[in-house]
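Listed here are the chains, written in short residue letters.
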Amino acid sequence: MQSKPGKFITFEGPDGSGKTAQMDILAEQLIQEGYPILTTREPGGTSIGDQIRETLLDLKNTAMVDRTEALLYQAARAQLVDEIIKPHLAEGGIVLCDRYADSTLAYQGYGHKNTVESLRGIIHYATGGLTPDLTVLLDLEPEVGLQRRLDAGGLNRLDAYDIDFHHRVRAGYLELVKADPDRWIIVDAGRSFEEVQAELWKILLEWLKACGQ
Ligand code: TYD
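Parameters and conventions
- Residues numbered from 1 in each chain as written.
- Predicted model: local features only at pLDDT ≥ 70, side-chain atom pairs only at ≥ 80, totals over all residues.
- Heavy atoms only, no water.
- Helix = DSSP H or I, 4+ residues; strand = E, 2+ residues; numbered from the N terminus.
- Polar contact = N/O pair within 3.5 Å; in protein donor to acceptor, adjacent residues only side chain to side chain.
- Contact = heavy atoms within 4.5 Å.
- Core = buried A, V, L, I, M, F, W, Y, C linked by side-chain atoms within 4.5 Å.
- Buried < 20%, exposed > 50% of the residue type's maximum accessible area, 1.4 Å probe, protein only.
- Pairing = 2+ DSSP bridges.
- Axes fitted to C-alpha atoms, helices over the stretch in contact; angles between N-to-C directions.

1. A closer look at the side chain of Arg-99
Link 1 in the chain: Within the secondary structure layout, Arg-99 lies in the loop between strand S3 (94–98) and helix H4 (101–111).
Link 2 in the chain: Within polar-contact distance, the side chain of Arg-99 engages the side chain of Tyr-173 at 3.2 Å.
Link 3 in the chain: In this structure, Arg-99 is in contact with Phe-11, Glu-12, Gly-13, Pro-14, Asp-15, Lys-19, Glu-42, Tyr-107 and Tyr-173, ignoring residues within four places of it in sequence.

2. Here we look at the side chain of Glu-42
Link 1 in the chain: Note on placement: Glu-42 falls in the loop between strand S2 (37–41) and helix H2 (47–57).
Link 2 in the chain: A distance of 2.7 Å separates a polar atom in the side chain of Glu-42 from a polar atom in the side chain of Arg-77.
Link 3 in the chain: Contacts of Glu-42, omitting those with residues within four sequence positions, involve Arg-53, Arg-77, Leu-80, Cys-97, Asp-98, Arg-99 and Tyr-100.

3. Focus: the nonpolar core
Link 1 in the chain: Of all hydrophobic cores here, the largest spans 31 residues; its most connected members are Phe-8, Ile-85, Tyr-100, Tyr-107, Leu-130 and Tyr-173.
Link 2 in the chain: Looking at this core, the elements with two or more residues in it are H2, helix H3 (66–90), S3, H4, helix H5 (116–127) and helix H7 (163–179).
Link 3 in the chain: For this core, the leading source of residues is H3, giving seven residues.
Link 4 in the chain: Excluding residues that lie within four positions of it along the chain, Leu-130 makes contacts with Phe-8, Val-81, Ile-85, Lys-86, Leu-89 and Tyr-100.
Link 5 in the chain: Listed in part, the 23 residues of the second largest apolar core include Ile-9, Ala-27, Val-136 and Leu-140.

4. Overview of the sheet that holds strand S1 (residues 7–12)
Link 1 in the chain: If you walk across this open sheet you meet the five strands as S2-S3-S1-S4-S5, and the pairing is parallel. Every interior strand has two partners, whereas the edge strands, S2 and strand S5 (184–188), have only one. Taken over all neighbouring pairs, the strand axes of this sheet differ in orientation by 20 degrees on average, direction set aside.

On their own, these measurements won't tell you what the molecule is for.
The following block contains the structure:
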């Protein structure tokens with residue numbers, strides 16, 4: 001019998017949108033339903049990727065130029081794709097990934113005002129062309145997201161960019177959705193954690209059933 005093809009689902013959104021916590025709960029629920037779920041995150045998810053993550057997010061690395069930042073994200077991503085994501089998909093599994101290539105387009109592209117097209121080439125090199133089957137955008141006003149991060153006491157080097165940067169990131173995400181609407185689902189992350197969680201659960205189950213999973 002032919003096994004089901006793997007599914008690659010990514011979660012995107014501004015800092016403080018609750019992506020990580022929501023994705024973890026969703027993964028647990030899906031595992032309980034019997035789905036073959038693997039969760040991972042970017043940057044990181046591998047030993048080499050976690051070392052790159054430390055460099056990328058360290059508040060003391062204020063000298064980092066935009067191109068270094070963009071390339072380090074791709075280095076971590078290449079490792080994650082080959083070491084973790086592709087093997088699980090090849091076994092027919094479902095991968096839930098906290099951020100992926102769209103974060104590069106939103107942050108290093110729209111955020112830093114670099115042309116998105118110039119980044120697509122290095123993303124393709126890093127991923128070998130692996131694109132998500134579904135991407136969920138947890139959309140949120142940047143001010144709300146940053147306040148949540150401040151309350152949690154965990155600002156990273158990118159959170160510390162000015163508020164205009166974060167507005168460009170958000171607008172960038174919305175542009176990416178417009179350009180490829182079939183791959184994206186937008187969820188309003190400004191509501192209570194429980195409301196967002198309930199909507200995510202409904203969306204994911206419906207989507208998986210629609211793909212015959
Ligand atoms: P993290 O602490 O994991 O934040 P979050 O919980 O919001 O995902 O930090 C990841 C940071 O890296 C976040 O500020 C977004 C940024 N980032 C990019 O700028 N480009 C990328 O390609 C990726 C994957 C992340």
